[in-house]
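# Coordinate analysis (summary)
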Amino acid sequence: MRPDEAIGSETVEALEARAPFRFPREMVVGLLALAVAWEIVSWFVPPFIVPGWGRIFKSLLGLRLDFVLVTLARVVGALVVSFVLGLGLAVAMYASTPVERYARPLVRLLMAVPVVCWILFAVLWFKWVEFRIAFVLVVVCAPVFLVDALDAMKGVSKDLRDMLRSFRPTRVQLFTKLVLPATVPAILTSWKINLSLAIRVVTIAELVGAVTGIGYGLVVAQELFSVSEVFAWTLILVVILFLAEAVLTRVEERILRWRV
Amino acid sequence: MKGAGAIDVAGLRKVFRHTGGGEAVVAIERLDFTIRQGDMVAIVGQTGCGKSTFLNILIGLERPTEGRVAIGGRTPYGDFDHFRGTLAAVFQQDRLLPWRTALDNVRLPLELLGRAPDEQARRARAWLDRLGLARFERAYPHELSGGMRQRVALARAFAIEPALLLADEAFGHLDEVTSAALRTTFIDLARRQGHTAILVTHQLEEAIDMGGRILVFGRPGALLADIDLHAWPRASVAGLRGDIQRMLQSNAPLKEPPA
């Protein structure tokens, strides 16, 4: 039993000593190189094609930063609704084979429709702008949550299922003690996918009819021919996406610390 | 702890048919025997003799194709929920839930039985402690060695103090020293708890270590011999070993019964 214990204690300590943060040197160097190249190109190209960093930062200071909060609120709100709907339907489809057989083709149909078409439908069907945006985001993101969660639920190993069943759980217990926790990694992954999807889709949705938000800011910039402002908004979007992904990764590390 | 009652196996046959057609596979040809309450039984046989299938039927995970398996008069497949809290199994792989710590894995069956949270924790700790894992209750399975994980699985099975304890090749894949140690622990604890214990194995030594009854399975799923070690003089165990080896190799009962 001695060797066992040595291995065990070593790994427990190693886990506790795991470095909480590592400076992402390669990423910073890569991004800096790109920024420098951009600046150099801007010296040789007119500013309405590639504006220099000076112009971009100047535009950045003049932007309506409350638009960022508005857009973020739309994204988060729609993702929460999508998650609840997606997971709820996934549970229903998991629990009942007929429900799954009927619903799966419909979900595939939803997923096959291009985003642009959803935006046009939203404009044709709904008057209220906030609802249009929420509709587009939910219809795009909810199926991703649904399909990923359902596949993960169905992929729970038979060995673990048999082990649990040998103890005679109720259906609810089988689901809450085994199926749902086993689905958590897939759910976190679909949050990551959907976050970047939603941030990209929301700006397009905001192009149609909204008078707030980053998408609207982009339209205004384009109408004013302010190229540096377009770039400034783009920069903000990219930074938001990076930050959101970083936050989610940290959450994932915390929740999935049981993984190797 | 209530007893599970005797296990009656009568005319048991199990055939697997693949859903996409194809040939049916006979996993168990025919089995008839009885296991008394409190018996320590080892089922020994080569790969493909249906011993794991038999165990799955006993657990209630598979339905017999023909014949009947009953524990205390009730069938584990048909009366599935009746056996809540009465039987527990240890499998070849530890089958721990990777997102639960060692302690929470041992608590799992107690949670399923609806025991009070403080009782769950107390019992789970006590069993981890008995299996020498008190220091590792907060470790996740991936932080433990194979032997330690299997000990957690043992603790999980013992935690509900089942009347019927089943082990399916539970120690065979570990190194010899760890395997022997775990086997001793298993047999010792099972004996002390007064459980009916069934150990399925392909290793003859394991079967003899159990020290109770040995059922020798031939392929596919037929009883070659039913040996009671208690009725066996110690000196002739070596001869018995040879006899069982011969039966397993020839897949037939001995012409003359073991002397």
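Here the structure is shown first, and the text comes after it.
A brief structural summary. Keep in mind that this is a model prediction, so the values were computed, not measured.

Tallying secondary structure elements over chain A gives 11 helices and zero strands in all. For 260 residues, the compact-globule estimate of 2.2 N^0.38 gives 18 Å, and the C-alpha radius of gyration of chain A, at 23 Å, exceeds that figure by more than 25%. Here the C-alpha coordinates of chain A stretch approximately 70 × 55 × 25 Å along the principal axes. Counting the 260 residues in chain A, one finds 39% classified as buried. The long-range share in chain A, meaning contacts at least 24 apart out of those at least 6 apart in sequence, stands at 72%. Summed over all atoms, the accessible surface of chain A reaches about 15,100 Å², with 72% contributed by carbon and sulfur. One way to put it: in chain A the 26 positive side-chain charges average out to a point 7 Å from where the 20 negative ones average out.

Time to look at the packing of aromatic side chains. How two aromatic rings sit relative to each other is set out by the distance from centre to centre and by the angle between their planes. A complete count under the given rule lists 23 aromatic pairs over all chains for this structure. With a centroid separation of 5.0 Å and 70° between ring planes, the pair formed by Trp38(A) and Phe231(A) is classed as edge-to-face. With a gap of 193 residues between them, Trp38(A) in helix H2 (residues 25–44) and Phe231(A) in helix H11 (residues 227–255) connect regions that are remote in the sequence. Note on Trp38(A): relative accessible area 25%, which makes it partly exposed. Of the residues examined, Phe231(A) reaches a relative accessible area of 26% and is grouped as partly exposed. Aromatic ring contacts, followed pair by pair, group Trp118(A), Phe121(A), Trp125(A), Phe126(A), Phe131(A) and Phe135(A) into a single cluster. Here the basic side chain of Arg168(A) rests over the ring of Phe80(B), its NZ or CZ set 3.9 Å away from the ring centre. The ring of Phe91(B) carries the charged tip of Arg95(B) above its face, separated from the ring centre by 3.9 Å.

This next bit is on the interface of chain A and chain B. On the chain B side, the residues contacting the 29 residues of chain A number 36 residues. Interface of chain A and chain B: buried area, both sides summed, is about 3,200 Å²; carbon and sulfur atoms make up 62% of it. Contact with chain B buries surface across chain A, with Phe167(A), Arg168(A) and Trp258(A) losing the most and accounting together for 28% of the total. Across the contact surface, chain A and chain B share two salt bridges. For the side of chain A that touches chain B, the elements supplying multiple residues, two or more each, are helix H1 (2–16), helix H8 (158–166) and helix H9 (171–206) of chain A. Looking at the side of chain A that touches chain B, the element that brings in the most residues is H1(A), giving eight residues. Looking at side-chain class alone, the side of chain A that touches chain B contains 14 nonpolar, six polar and nine charged residues.

The next thing to look at is the pairing of strand E8 (residues 213–218) of chain B. Side chains on a regular strand alternate between the two faces of the sheet. Residue and element names in this part refer to chain B. Across the six residues that make up E8, a large majority, six, are buried. Residues Arg213, Leu215 and Phe217 of E8 are buried on one face, and the alternating residues Ile214, Val216 and Gly218, pointing to the opposite face, are buried as well. In this structure, strand E3 (residues 40–45) lies alongside E8, joined through five bridges in parallel fashion. Among the inter-strand pairings, Val44 is bridged to a residue of E8, identified as Val216. When E8 meets strand E9 (residues 222–228), the two strands line up antiparallel, connected through six bridges. When the bridges of E9 are listed, Ile214 appears paired with Ile227. Where E8 folds back onto E9 in an antiparallel hairpin, the turn is made up of three residues, including Gly221, whose phi is positive at roughly 50°.

The next thing to look at is the packing of H8(A) against H9(A). All names here are of chain A. Remark: H8 packs on H9, axes separated minimally by 11 Å, with the N-to-C direction vectors making an angle of 145°. Note on packing geometry: the crossing formed by H8 with H9 is right-handed. Here H8 contributes Leu160, Arg161, Leu164 and Arg165 to the contact with H9, which in turn contributes Gln173, Leu174, Lys177, Leu178 and Val179. The residue makeup of the contact of H8 with H9, split by class, is five nonpolar, one polar and three charged.

About the thresholds
In this numbering scheme, every chain counts its residues from 1 along its sequence in written order. Chain labels run from A onward and ligand labels from 1 onward, assigned in the order the entries are written. Local features in this predicted model are restricted to residues of pLDDT 70 or higher, and side-chain atom pairs are both shown and tallied only at a pLDDT of 80 or more, whereas totals for entire chains, interfaces and linings draw on every residue. Neither water nor hydrogens contribute to the side-chain values; these are computed over all heavy atoms in the structure. Numbering of helices and strands runs from the N terminus, with a helix taken as a DSSP run of H or I at least four residues long and a strand as a DSSP run of E at least two residues long. For the radius of gyration, the atoms used are the C-alpha atoms, and the globule rule reads 2.2 Å times the number of residues raised to 0.38. To sort residues, take the accessible area from a 1.4 Å probe on protein chains only and compare it with the maximum for the residue type: under 20% means buried, over 50% means exposed, and anything in between is partly exposed. The contact criterion used is simple: two residues touch if any of their non-hydrogen atoms lie within 4.5 Å. Each accessible area is a Shrake-Rupley estimate made with a 1.4 Å probe; only the visible protein chains count as cover when residues are assessed. His is not counted, nor are the chain ends, whereas Lys and Arg count as positive and Asp and Glu as negative. Charged side chains are reduced to one point each, which is NZ for Lys, CZ for Arg, CG for Asp and CD for Glu. Ring pairs are drawn from Phe, Tyr and Trp, using the six-membered ring of Trp, whenever the two centres fall within 6.5 Å, and their geometry is named by plane angle: stacked under 30 degrees, edge-to-face over 60, tilted for the rest. Only lysine NZ and arginine CZ atoms are considered, and such an atom sits over a ring when it is within 6 Å of the ring centre and within 35 degrees of the ring normal. Accessible area that two parts lose when put together, with a 1.4 Å probe and added across both, is what the buried area reports. We define a salt bridge as a contact between a side-chain nitrogen of Lys or Arg and a carboxyl oxygen of Asp or Glu at a distance within 4 Å. Only Asp, Glu, Lys and Arg are considered charged in this grouping, and only Ala, Val, Leu, Ile, Met, Phe, Trp, Tyr, Cys and Pro are considered nonpolar; every other residue, Gly among them, is considered polar. Paired strands are those between which DSSP finds at least two bridges. In this description, a line fitted to the C-alpha atoms serves as the axis of each element, helices being fitted only across the stretch in contact, and the angle between N-to-C directions of two axes falls anywhere from 0 to 180 degrees. What makes a crossing left-handed is the near helix being turned counterclockwise from the far one by less than a right angle; a clockwise turn instead makes it right-handed.

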